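# Fold and contact review
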Amino acid sequence: MSAAIQALIEAMQRRDVPAVAQQVNGLAPSERSKVLTPALEHLAEVDPASAQWFVRYLMDPRAKAQLQEGILKAAQEYLQEAGFVEGTDYEIKGGVLSISRKALPYAAPDDDPFGQLLLAECCELRD
C-alpha cells in the first residue's frame, strides 16, 4: 500500500477533515481515484464506519451520484439473476433502492464490502 493511500486511510479514521482534504486536494484530479478507491475499499473491510463517514459527508456529490448509479444498476442485475422481481421484491426510484428483507442479501456480493457499503447508502428496507 502506498504512503499516500495509508495517509488518507489514517486521516479518514481520525475523521480529520483538513487532513483528508490535504491528502485528496494535493493530488492531480486524474490521480485521486487511484488513491481514494483503494483507501475506501480497505476501510470498507476493516473500518466500515470511517468509509461510510467519507462517503456520506465528504465525497464529491457528482462522484457519489455516479457511484450510486453504478451500484444500483449492479444491485438490480444481482437481484434479477437471483430471481427477484422488480416491483414486488424491490424497486428503484429517485436513486433509492427500496428492497425487501428477503432480497437484501442478494443485492451485493459478500466479497464486496465497499459495494455493500455504497448500497447501504442508497437503500431503504421494507417488509
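Treat the numbers as computed from the prediction; the structure is a model and nothing was measured.

What follows covers the sheet that holds strand β2 (residues 96-100). The strand order across the open sheet formed by 3 strands is β1-β2-β3, and the pairing between neighbours is mixed. What marks the edges here is a single partner per strand, and that holds for β1 (90-93) and β3 (123-126). Put simply, the sheet's adjacent strands are angled 20° from each other on average, direction ignored. Where β2 and β3 come together, 4 bridges link them in parallel fashion. Within β3, the position partnered with Ile 99 by the bridge is Leu 125.

Glancing now at the nonpolar core. A general tendency of soluble globular proteins is for nonpolar side chains to be buried together. Leu 8, Met 12, Val 20 and Phe 54 are the most contacted members of the largest nonpolar core, which totals 35 residues. Looking at this core, the elements with two or more residues in it are α1 (3-14), α2 (17-25), α3 (29-46), α4 (48-58), α5 (61-81), β2 and α6 (113-121). Broken down by element, this core gets its largest block of residues, 6 residues, from α3. The residues touching Val 20, leaving out its near neighbours within four places in the chain, are Leu 8, Ala 11, Met 12, Trp 53, Phe 54 and Leu 58.

Reading guide: rules and limits
Residues numbered from 1 in each chain as written. Predicted model: local features only at pLDDT ≥ 70, side-chain atom pairs only at ≥ 80, totals over all residues. Heavy atoms only, no water. Pairing = 2+ DSSP bridges. Helix = DSSP H or I, 4+ residues; strand = E, 2+ residues; numbered from the N terminus. Axes fitted to C-alpha atoms, helices over the stretch in contact; angles between N-to-C directions. Core = buried A, V, L, I, M, F, W, Y, C linked by side-chain atoms within 4.5 Å. Buried < 20%, exposed > 50% of the residue type's maximum accessible area, 1.4 Å probe, protein only. Contact = heavy atoms within 4.5 Å.

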